[in-house]
Amino acid sequence: MTRIILFNKPFDVLSQFTDKSTEGTGRRTLSEFVKVPAVYPAGRLDRDSEGLMVLTDNGKLQAKISNPKFRSPKTYLAQVEGMPTEELLDQLRAGVTLKDGPTRPAQVDQIDPPHLWPRDPPVRYRKTVPDGWLRITITEGRNRQVRRMTAHVGLPCLRLVRWSVGEWSLDGIAPGTWRDA
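This one's a predicted model, so the numbers in the text were calculated from it and none came from an experiment.

What counts and what doesn't
- Residues numbered from 1 in each chain as written.
- Predicted model: local features only at pLDDT ≥ 70, side-chain atom pairs only at ≥ 80, totals over all residues.
- Heavy atoms only, no water.
- Helix = DSSP H or I, 4+ residues; strand = E, 2+ residues; numbered from the N terminus.
- Rg over C-alpha atoms; globule rule 2.2 N^0.38 Å.
- Buried < 20%, exposed > 50% of the residue type's maximum accessible area, 1.4 Å probe, protein only.
- Contact = heavy atoms within 4.5 Å.

**Q** I would appreciate a short explanation of the overall build of the protein in the present structure.
**A** When you go through the protein residue by residue, the secondary structure sums to 3 helices and 11 strands. Sequence-ordered secondary structure for the protein, helices as α and strands as β, is β-β-β-α-β-α-β-β-β-β-α-β-β-β. Scaling as 2.2 N^0.38, a compact globule of 181 residues should have a C-alpha radius of gyration of about 16 Å, and the protein matches this with 16 Å. In terms of overall dimensions, the protein has a C-alpha envelope of 45 × 35 × 35 Å along the principal axes.

Okay, here's the thing in structure tokens:
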């Protein structure tokens, strides 16, 4: 029977179980939170991003979730610096061209600030620069893709939370905790 774990990865945690490349640095890893043998992340989430990680013991499922050819939707809540305009959102919706090529079109909506847990450390706040929140759904998963897309249109990402992967969501899972799907 396949095991699927939904984990809410906190900010400043690596999306891997070990950190051999920099032993002794004290960087936090998944092993601090998920003490389940033989499960592995289906995809990655940057150290400075938060939110849903799917872990499984099924290699085929792991590949299906993380391989872009399967177009598994991943939805993010992104706090961006600057005020999103319809023109900027339309650029993201159409897909933008990054250094590694054009992205697929994204579903993008401006949203009210979501009710999320406080981040530690908090996002920097500048009185003179407005910010906004976007809900972005992509079907790829390139390295730092959402951050690079928003920066490309002039909306640098201040906070990024992956809310869902396919049918699974973060709903009801506190930071640093997990549950079986």
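**Q** How do you make sense of the environment of leucine 158 when you look at a structure like this?
**A** When you line up the elements, leucine 158 lands in strand 9 (residues 157-165). Judged by relative accessible area, which is 12%, leucine 158 ranks as buried. It is 13 Å that separates the C-alpha atoms of leucine 158 and aspartate 46, two residues lying 112 residues apart in sequence. Filtering out sequence-adjacent residues up to four positions away, leucine 158 remains in contact with Gln79, Val80, Glu81, Arg119, Val123, Arg124 and Asp131.

Purely geometric numbers; function is a separate question.
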